[in-house]
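The lines below spell out each chain.
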Amino acid sequence: MEKVLKTKKKIRFQDCDPFNHLNNAKYLEYFINTREDQIAEHYNLDIFKYLRETGLSWVVATNQISYMRPAFTMETVLIDSQLVQYSDNFLLVEMKMWNENETELKAILWIKFFHYNIQSTKRASHSDDLMKLFQSVVVPVEQSIFENRCLEIVQKLKSGVPA
């Protein structure tokens, strides 16, 4: 099972500012929509079906994003995502936006999700099946502080090491 999921997307005109740059707020939409598609395709996990069947889902607790280079109108970008940490009730996903050839890093995002019971409006524990899935796909990172992780990625890129 793939651990780092990759998808190409085209930056659309309506999502850009007057400078033809992807609007800062729209980065989050591109990232979240891409992750939803990736986990449905690669892990057979449709979060909307899961919600209907269980009454459980994930809610965004925090976003930390660093904008490195602009994404431009009609540019094809590559978005990768990976689970970097999990527990019985949260997920931490790292996502990166690159140019199409993965040679220019445009943005890095850490997004923390809480597993959530819609009926009780409280955090919920992940099932054993979900925990097994997470264990099989997690790619832990050394850094636990977002800014340090960004610096680590940039330093690796400068030295020619894959991020």
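See the structure shown above.
Let us look at the structure shown here. (Residues numbered from 1 in each chain as written. Predicted model: local features only at pLDDT ≥ 70, side-chain atom pairs only at ≥ 80, totals over all residues. Heavy atoms only, no water.)

**Looking at the overall build of the chain**
Consideration 1: Within the chain, the regular secondary structure consists of 4 helices and 6 strands.
Consideration 2: Taking 2.2 N^0.38 as the reference for a compact globule, 163 residues should give roughly 15 Å; the C-alpha atoms of the chain span a radius of gyration of 16 Å, in line with that estimate.
Consideration 3: The buried share among the 163 residues of the chain stands at 42%.
Consideration 4: Long-range contacts, defined as pairs at least 24 residues apart, comprise 67% of the intrachain contacts of the chain with a sequence gap of at least 6.
Consideration 5: As displayed, the chain has an accessible area near 9,200 Å², and 50% of this comes from carbon and sulfur atoms.
Consideration 6: Between the mean site of the 20 positive side-chain charges and the mean site of the 21 negative ones, the chain shows a separation of 1 Å. (Helix = DSSP H or I, 4+ residues; strand = E, 2+ residues; numbered from the N terminus. Rg over C-alpha atoms; globule rule 2.2 N^0.38 Å. Buried < 20%, exposed > 50% of the residue type's maximum accessible area, 1.4 Å probe, protein only. Contact = heavy atoms within 4.5 Å. Areas by Shrake-Rupley, 256 points an atom, 1.4 Å probe, with all protein chains shown as cover. Lys, Arg positive; Asp, Glu negative; His and termini not counted. Charge placed at Lys NZ, Arg CZ, Asp CG, Glu CD.)

**Quick notes on the side chain of S81**
Consideration 1: With respect to the helices and strands, the residue S81 is situated in strand β3 (residues 76–86).
Consideration 2: Reaching out from S81, the side chain makes a polar contact with the side chain of Q38 at a distance of 2.4 Å.
Consideration 3: Other than its neighbours up to four places away in sequence, S81 contacts K3, V4, L5, R35, Q38, V93, E94 and M95. (Polar contact = N/O pair within 3.5 Å; in protein donor to acceptor, adjacent residues only side chain to side chain.)

**So, unusual backbone geometry**
Consideration 1: Positive phi outside glycine occurs at M74, with the angle close to 70 degrees.
Consideration 2: Mapping M74 onto the fold places it in the loop between β2 (56–67) and β3.
Consideration 3: The phi torsion at E102 lies on the positive side, around 60 degrees, for a residue other than glycine.

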